[in-house]
Amino acid sequence: MIYQWLDLIWLPIGLFVVKKEQRLWVLGFFVGCMLMMRMQVELMDVTGYPTGFIQLLSSTALDRGLVIYSIFYVLYLILAHYSPNTKGPIFVAGSISIFFMAFFTSSIIMVL
C-alpha cells in the first residue's frame, strides 16, 4: 500500500523548495501528475498488459511511472527554484509544458 503512494513524498519537498507565490501551482502540478500516472497505470492494467504492450521491459507500469514522473518532478523543482521571479502566466505555461512532457514520455515508456 505504501509503495503505491510513494510519490506523495514529493508534495512536501515541492512546497518547501519553491516560493510562497508558486506553491499553489506546484501543488496543482504534482496532484495532476499523480492522477495522470495512476490513470495510465490503470489503463495498462485494464487492457491486460501490466508490463507494457510491447513487453520489452519486465517492470510494471507503476514502477516505470514512478521513475519517469520522479525525474520530471526533480526537473520541475529545479526550474521553479532557479526562476523565483517567474510569476503568473509564464509559470503556468511552464508547468503545463512540463506536465505534458512527463505525460508523453511516460506513455511511451509504459508502452515498452
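As shown above, the structure is provided for reference.
Residues numbered from 1 in each chain as written. Predicted model: local features only at pLDDT ≥ 70, side-chain atom pairs only at ≥ 80, totals over all residues. Heavy atoms only, no water.

Undergrad: What is the right way to look at the packing of aromatic side chains in this model?
TA: Where two aromatic rings form a pair, the distance of their centres and the angle of their planes describe that pair. Scanning all chains against the criterion turns up twelve aromatic pairs. Ring geometry for Phe30 against Tyr73: centres 4.8 Å apart, planes inclined by 80 degrees, an arrangement best described as edge-to-face. Placement of the pair is Phe30 in helix 2 (residues 23-46) and Tyr73 in helix 3 (residues 61-81), with a sequence separation of 43 residues. Take Phe30: its relative accessible area is 0%, and that puts it in the buried class. An aromatic cluster is built from Trp10, Phe29, Phe30, Tyr69, Tyr73, Tyr76 and Phe91, whose rings are joined through pairwise contacts. The cationic tip of Arg38 hangs over the ring face of Trp5; the distance from NZ or CZ to the ring centre is 4.1 Å. (Phe/Tyr/Trp six-rings, centres within 6.5 Å; stacked < 30°, edge-to-face > 60°. Helix = DSSP H or I, 4+ residues; strand = E, 2+ residues; numbered from the N terminus. Buried < 20%, exposed > 50% of the residue type's maximum accessible area, 1.4 Å probe, protein only. Lys NZ or Arg CZ within 6 Å of the ring centre and 35° of its normal.)

Undergrad: Can you walk me through helix 1 (residues 10-17) in this structure?
TA: Each α-helix turn comprises 3.6 residues. Residues three or four places apart therefore point the same way. Buried within helix 1 we find Trp10, Leu11 and Gly14. Down the axis of helix 1, the buried side of the element spans an arc of 100 degrees, and every buried residue falls inside it. Across helix 1 from its buried face, at more than 90 degrees, point the exposed residues Pro12 and Phe16. Against helix 2 and helix 3 lie the buried residues of helix 1. (Arc of directions from axis to C-beta. Contact = heavy atoms within 4.5 Å.)

Undergrad: How should I be thinking about the side chain of Ser106 in this particular structure?
TA: For Ser106, the position within the fold is in helix 4 (residues 88-111). Discounting residues that sit within four places of it in the chain, Ser106 has contacts with Gln40, Ile68 and Tyr69.

Undergrad: Any chance you could explain the pattern of salt bridges here in plain terms?
TA: If charged atoms from side chains of opposite charge come close, those side chains can pair. A complete count under the given rule lists two salt bridges for this structure. Its salt-bridge partner being Arg38, residue Asp7 comes within 2.8 Å of it at the nearest N-O pair. Taken together, the positions of Asp7 in the segment before helix 1 and Arg38 in helix 2 put the pair 31 residues apart, joining distant regions of the chain. Here Asp7 falls in the buried class, since its relative accessible area comes to 2%. For Arg38, a relative accessible area of 17% corresponds to the buried category. With a closest N to O distance of 3.8 Å, Glu21 and Lys19 form a salt bridge. (Salt bridge = Lys/Arg side-chain N within 4 Å of Asp/Glu carboxyl O.)

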